[in-house]
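Analysis of the macromolecular model
Chain by chain, the residues:
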Amino acid sequence: RWACGQGPRVVGSVIGAFWGVRAALVPDRAKGPWAREVSNTRGPTLERVGYGKKPGEDEIVSTSRPQLINWLATRGEDEKALAWAQSAATRFLADSSSVDQSVADVILQLAARNGDAALFDTFQQRFEAANVPATRRRYLAARGASSDPTPQSRRLPAPRVVTLPTRRPLPPSPGDSHPANPYGP
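Predicted model, so just to flag it, every value in this text is computed and none were measured.

Rules and cut-offs
- Residues numbered from 1 in each chain as written.
- Predicted model: local features only at pLDDT ≥ 70, side-chain atom pairs only at ≥ 80, totals over all residues.
- Heavy atoms only, no water.
- Phe/Tyr/Trp six-rings, centres within 6.5 Å; stacked < 30°, edge-to-face > 60°.
- Helix = DSSP H or I, 4+ residues; strand = E, 2+ residues; numbered from the N terminus.
- Buried < 20%, exposed > 50% of the residue type's maximum accessible area, 1.4 Å probe, protein only.
- Lys NZ or Arg CZ within 6 Å of the ring centre and 35° of its normal.
- Salt bridge = Lys/Arg side-chain N within 4 Å of Asp/Glu carboxyl O.

**As for the packing of aromatic side chains**
This model, assessed by the stated rule, comprises two aromatic pairs. On the numbers, 6.2 Å between centres and 35° between planes, the contact of Phe 123 with Tyr 139 is tilted. Within this pair, whereas Phe 123 is found in helix 7 (residues 117-129), its partner Tyr 139 is found in helix 8 (residues 133-144), the two being separated by 16 residues in sequence. We classify Tyr 139 as buried; its relative accessible area is 6%. Taking the ring centre of Phe 127 as reference, the NZ or CZ of Arg 143 above it sits at 5.6 Å.

**Regarding the pattern of salt bridges**
Within this structure, the stated rule accounts for six salt bridges. For Glu 59, the salt bridge goes to Lys 53, with nearest N and O atoms at 4.0 Å. Of the residues examined, Lys 53 reaches a relative accessible area of 46% and is grouped as partly exposed. Across the pair Glu 57 and Arg 65 runs a salt bridge, and its minimum N-O distance is 2.6 Å. Here the two residues Glu 57 and Arg 65 agree in accessibility, since each one is buried. Here the salt bridges share partners, and the residues they tie into one network are Glu 57, Arg 65 and Asp 100.

Shown next as structure tokens:
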């Protein structure tokens, strides 16, 4: 059992190290057993550290929690983690102070995976209304996490093509040791 009973630094390292293992090493035919293994081993870790920050908590736990929730919900297909994320996203959208801010991004992205057009529209409106870059990024990422491409396609503008003027190289300056490079050595 990898890092089941280990301290927060070990858990954080394990989450980071194993994030890409499923895609790289686990064939599709083993996806179900892999998901069960992830859920069975990471579920108890999340239960131990909790879904929200605790007073006096080690910072590595706080920074690992969103990864752990995402790991369980996506790689482990853990229904409890998915349901919690959906519920927390609903609470967050009603009152952003009701949820630990360290998990806000991940819960919105997980909610978007199964969200409908109304949720997408909420993310769009909040993205447009946000003045803080981190908040704009949060809602833009949530918009992009939707598994339904229909709402995204109706809102995203066509890409703009910008033609930049070409620059002519400057002539070499006197004494330039590299005349082939007009910008200097």
